[in-house]
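Structure assessment
What follows is each chain in one-letter form.
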Amino acid sequence: MTDDIKKGEMIPERMPEALLADIFPKGIVVISEEFTGASLPEQNSPPQAPASPLQEGTMPVRPEVTVAYQYLGGFGKKVLVVVHDPTSLHLNQQDLEFLGKIIGAGKLSMADIALVNAATQQPEYYALQEQLPASVALYFGIEPATIGAPVKFPQFQVQQWNHCTFLFSPDFEALSPFASNAVALKKELWAALKKIFPL
């Protein structure tokens, strides 16, 4: 800080998480003052000695995920399916059967995926990715950006980002036989899924 800026006048801005991820691809650890017990020096206090550098060969460790998200499935093939169903713990029976047909067409089963309901547990993208590091992420009825993913793209556009293939689709209600535009939406979903799975 310069002398003409008084203490308390400068407010740090939070850097976007996507930018941090690009700058620090191996992760970064932020230790709060509470945790270290340290405090910022007063404006007129003498300078303190710098902290000792890390020993050679050591590296800060990313903090462990403190939230354990509930999911249905075995996650064997690292396929994450995020839905938004406020009526069920994971997904209502009718939509679960429809999802079974979708993943079955891609030669997958519930043992291969992790089904997370964003309506019942409000997941945060980075914590979810830490717990379930997916190679494919399918979002039904909820945009990835809604849970904090730093990517935004149109429905049915297959998108690669951070070693993961994303697909955002309307919810299962819009894809149901009773929906007016369901046939057209299912065709778009099928075309997008062909780009991800060997159908």
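Just so it is clear, the structure is predicted and the values come from calculations on it, not from any experiment. (Residues numbered from 1 in each chain as written. Predicted model: local features only at pLDDT ≥ 70, side-chain atom pairs only at ≥ 80, totals over all residues. Heavy atoms only, no water.)

**So, the overall build of the protein chain**
Applied cut-off: Here a strand is any run of E in DSSP of at least two residues, a helix any run of H or I of at least four, and the numbering for each starts at the N terminus. Note on exposure labels: buried denotes an accessible area under 20% of the residue type's maximum, exposed denotes more than 50%, and partly exposed covers the range between, all computed with a 1.4 Å probe on protein chains only. The contact definition used throughout considers only heavy atoms, calling two residues in contact when any of these lie within 4.5 Å. For every accessible area listed, the method is Shrake-Rupley and the probe measures 1.4 Å; residues are considered covered only by the protein chains on display.
When its secondary structure is counted, the protein chain shows 7 helices and 5 strands. Moving toward the C terminus, one meets the helices and strands of the protein chain in the order α-α-β-α-β-α-α-β-β-β-α-α. Expressed as a percentage of its 199 residues, the buried residues of the protein chain come to 32%. Excluding contacts between residues fewer than 6 apart, the proportion of contacts in the protein chain whose partners are at least 24 apart in sequence is 72%. Approximately 13400 Å² of the protein chain is accessible, and the part contributed by carbon and sulfur atoms is 56%.

**Some words on the confidence of the model for the protein chain**
Stated precisely, the cut-off is as follows: The pLDDT value expresses, per residue, how confident the predictor is, ranging between 0 and 100.
For the protein chain, the average pLDDT comes to 79, and 66% of its residues sit at 70 or higher. Between residues 48–55, whose pLDDT stays under 50, and residues either more than four places distant or in other chains, the model counts 2 contacts. Low pLDDT (under 50) marks residues 57–63, which in the prediction has 10 contacts with non-local residues, meaning those over four places away or in another chain.

**Focus: helix H7 (residues 182–196)**
Put simply, the rule is: Expected span of a helix: the number of residues minus one, times 1.5 Å. Along the arc lie the directions from the helix axis toward the C-beta atoms.
Spanning 15 residues, H7 covers 21 Å between terminal C-alpha atoms, matching the ideal 21 Å at 1.5 Å per step. Along H7, the residues that are buried comprise Ala-182, Leu-185, Leu-189, Ala-192, Leu-193 and Ile-196. For H7, the angular spread of buried residues about the axis comes to 100°, placing them on one side. Along H7, exposed side chains directed more than 90 degrees from the buried face belong to Val-183, Lys-187 and Lys-195. Its buried side turned inward, H7 meets helix H3 (93–105), strand E3 (136–140), strand E5 (164–169) and helix H6 (172–175).

**Looking at unusual backbone geometry**
Of note, Phe-75 is a non-glycine position whose phi angle comes to about 60°, a positive value. Relative to the helices and strands, Phe-75 is located in the loop between helix H2 (33–36) and strand E1 (79–83). Non-glycine residue Lys-78 carries a positive phi angle of around 60°. By the element assignment, Lys-78 lies in the loop between H2 and E1. Since its relative accessible area comes to 37%, Lys-78 is described here as partly exposed.

**Examining the packing of aromatic side chains**
Stated precisely, the cut-off is as follows: In this scheme Phe, Tyr and Trp rings, the latter by its six-membered ring, pair at centre separations within 6.5 Å, and the angle between planes marks the pair as stacked below 30 degrees, edge-to-face above 60, and tilted otherwise.
Throughout the structure, instances matching the rule amount to 8 aromatic pairs. Their ring planes at 85° and their centres at 5.8 Å tell us that Phe-98 and Phe-172 sit as a pair that is edge-to-face. One end of the pair, Phe-98, is in helix H3; the other, Phe-172, is in helix H6, with 74 residues separating them in the sequence. Phe-98 sits in the partly exposed class, given a relative accessible area of 22%.

**Focus: the side chain of Thr-165**
Within the secondary structure, Thr-165 is located in strand E5. Thr-165 gets classed as buried once you look at its relative accessible area, which sits at 10%. Those residues in contact with Thr-165 that sit more than four places away from it in its chain are Ser-135, Val-136, Ala-137, Val-158, Gln-159, Gln-160 and Ile-196.

**Topic: H3**
Selection rule: Pairing of N or O atoms within 3.5 Å defines a polar contact, subject to two protein rules: one partner must be a possible hydrogen donor and the other a possible acceptor, and residues neighboring in sequence count only if both atoms are side-chain atoms.
Along its 13 residues, H3 runs 18 Å from first to last C-alpha, staying within 8% of the 18 Å computed at 1.5 Å per residue. Here the buried face of H3 lies against E1, strand E2 (113–117), E3, H6 and H7. In this structure Asn-92 caps H3, since a side-chain oxygen of it lies 3.3 Å from the backbone nitrogen of Gln-94. Downstream of H3 by one or two residues, Lys-107 has phi in the positive range, about 60°.

**Quick notes on the sheet that holds E1**
To keep things clear, this is the line we draw: Two strands pair under a simple rule: DSSP has to find at least two bridges between them. Helix axes use the C-alpha atoms of the stretch in contact, all axes being lines fitted to C-alpha atoms, and the angles between their N-to-C directions lie in the range 0 to 180 degrees.
One open sheet accounts for 5 strands, arranged E2-E1-E3-E5-E4; its pairing is mixed. Either end of the sheet is taken by a strand with one partner, and the two such strands are E2 and strand E4 (159–161). Neighbouring strand axes in the sheet, compared pairwise and without regard to direction, differ in orientation by 20° on average. In this sheet, E5 lies alongside E3 in parallel orientation, the contact comprising 5 bridges. Bridging across to E5, Ala-137 finds its partner in Phe-166. In the packing of H3 onto the sheet, contacts are made with E1, E2 and E3, and the angle to E2 comes to roughly 145°. Running at roughly 175° to E5, H7 makes contact with E3 and E5 of the sheet.

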